[in-house]
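One-letter residues, chain by chain:
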Amino acid sequence: MAKYNKKRARELQHDRFRDSANTIFDRLGHLLEGKGRTILYGLLGIVLVAILAGVWIKWRAGKDDEARRALGRAIAIANAPLLAAAVPNADPKAPKFVSERERSQSAVEEFQKVAAKYGDPYRTEARYFIATHMLLLDRDKALAELAELTRSSADEVATLSKFALAQQKMADAKYDEAAQILVELGKQNGTVVTQDTANLYLADVYAKQGKKKEAAELLFNIVDTARKAKDKDGAPLPEPAASGAAAEKLQKLDPDRYAQLTPALPSGNLSF
């Protein structure tokens, strides 16, 4: 009996809450005659949508964190040291492999898990990593995938795929195709593959094609532009790495053109 009383008390308390709620809604309904009740239900719908949106955002943030961790694990495997390589202060628990092929196979499997489980941008990034590691396992398949990824709507992945494809074209002595891709990348002048980086590789392609003058001009422009660059206060900027590499290549390729470069500023005179 006592249990029943408690149960009934809860029911009555619930009924009082329901009656109070109904009374409030009825009063609001009378106040908002005609279309008022429709407006009220519309407001309730907006509140419900807001609650559902909050739940979805929280769930999405959790999935993003999970995807980033999964992608990080795959990248750690891809960068794991080989057993023959001595890496100071290496994590003893980190995966180790006897060959690059074995490491690539393991990395591909891990990236495939990411691509299968998560949406973009993680799926597309994983596909790029799969393609680059597949070069050691199934080169034709990897090249086809890189070509497909050059058309990706993810700008960074598309750019990196073009650059990787250009390097493979160079390795296959398909210099015309490599040059076409690198010219396109140079015009884009992105942050992932800068114009100087694209032109540095393009100069190598031209040199392989016997276009010594074109290669020298590209290298000269990279270095000369960098050495003349100044900040907003007129102070010279430090030379980027691409400029140093271009200077070395130009000195070997065309010493006379190299001699025409703006002299490098002594490192002690650089302003930071």
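Residues numbered from 1 in each chain as written. Predicted model: local features only at pLDDT ≥ 70, side-chain atom pairs only at ≥ 80, totals over all residues. Heavy atoms only, no water.

## A word on the pattern of salt bridges
Evaluation of the coordinates by the stated rule reveals twelve salt bridges. Between Glu-184 and Lys-162 there is a salt bridge, with its nearest N and O atoms 2.7 Å apart. Of this pair, Glu-184 sits in helix 7 (residues 175-188) while Lys-162 sits in helix 6 (residues 155-171), and the two are 22 residues apart along the sequence. Its relative accessible area of 13% is what places Lys-162 among the buried residues. For Glu-177, the salt bridge goes to Lys-169, with nearest N and O atoms at 2.9 Å. (Salt bridge = Lys/Arg side-chain N within 4 Å of Asp/Glu carboxyl O. Helix = DSSP H or I, 4+ residues; strand = E, 2+ residues; numbered from the N terminus. Buried < 20%, exposed > 50% of the residue type's maximum accessible area, 1.4 Å probe, protein only.)

## As for the confidence of the model for the chain
Across the chain, the average pLDDT comes to 80, with 70% of residues at or above 70. Overall, residues 1-22 carries pLDDT values under 50, and its contacts beyond four positions in sequence, including any with other chains, amount to zero contacts. (pLDDT = per-residue confidence, 0-100. Contact = heavy atoms within 4.5 Å.)

## What about the side chain of Ser-243?
As for its placement among the helices and strands, Ser-243 is situated in helix 10 (residues 241-253). Excluding residues that lie within four positions of it along the chain, Ser-243 makes contacts with Ile-222, Val-223 and Ala-226.

## Digging into the packing of helix 9 (residues 212-228) against helix 10
Put simply, helix 9 and helix 10 touch, their axes get as near as 9 Å, and they point 140° apart. In terms of axis orientation, helix 9 runs oblique to helix 10. Crossing handedness for the pair helix 9 and helix 10: left-handed. Each of Lys-212, Ala-215, Ala-216, Leu-219, Phe-220, Ile-222, Val-223, Ala-226 and Arg-227 in helix 9 lies in contact with helix 10, whose residues at this interface are Ala-242, Ser-243, Ala-246, Ala-247, Lys-249, Leu-250 and Leu-253. When grouped by side-chain class, the residues that make up the contact of helix 9 with helix 10 number twelve nonpolar, one polar and three charged. (Axes fitted to C-alpha atoms, helices over the stretch in contact; angles between N-to-C directions. Parallel < 35°, antiparallel > 145°, perpendicular 65-115°, else oblique. Left-handed = near helix turned anticlockwise from the far one by under 90°. Nonpolar A, V, L, I, M, F, W, Y, C, P; charged D, E, K, R; others polar.)

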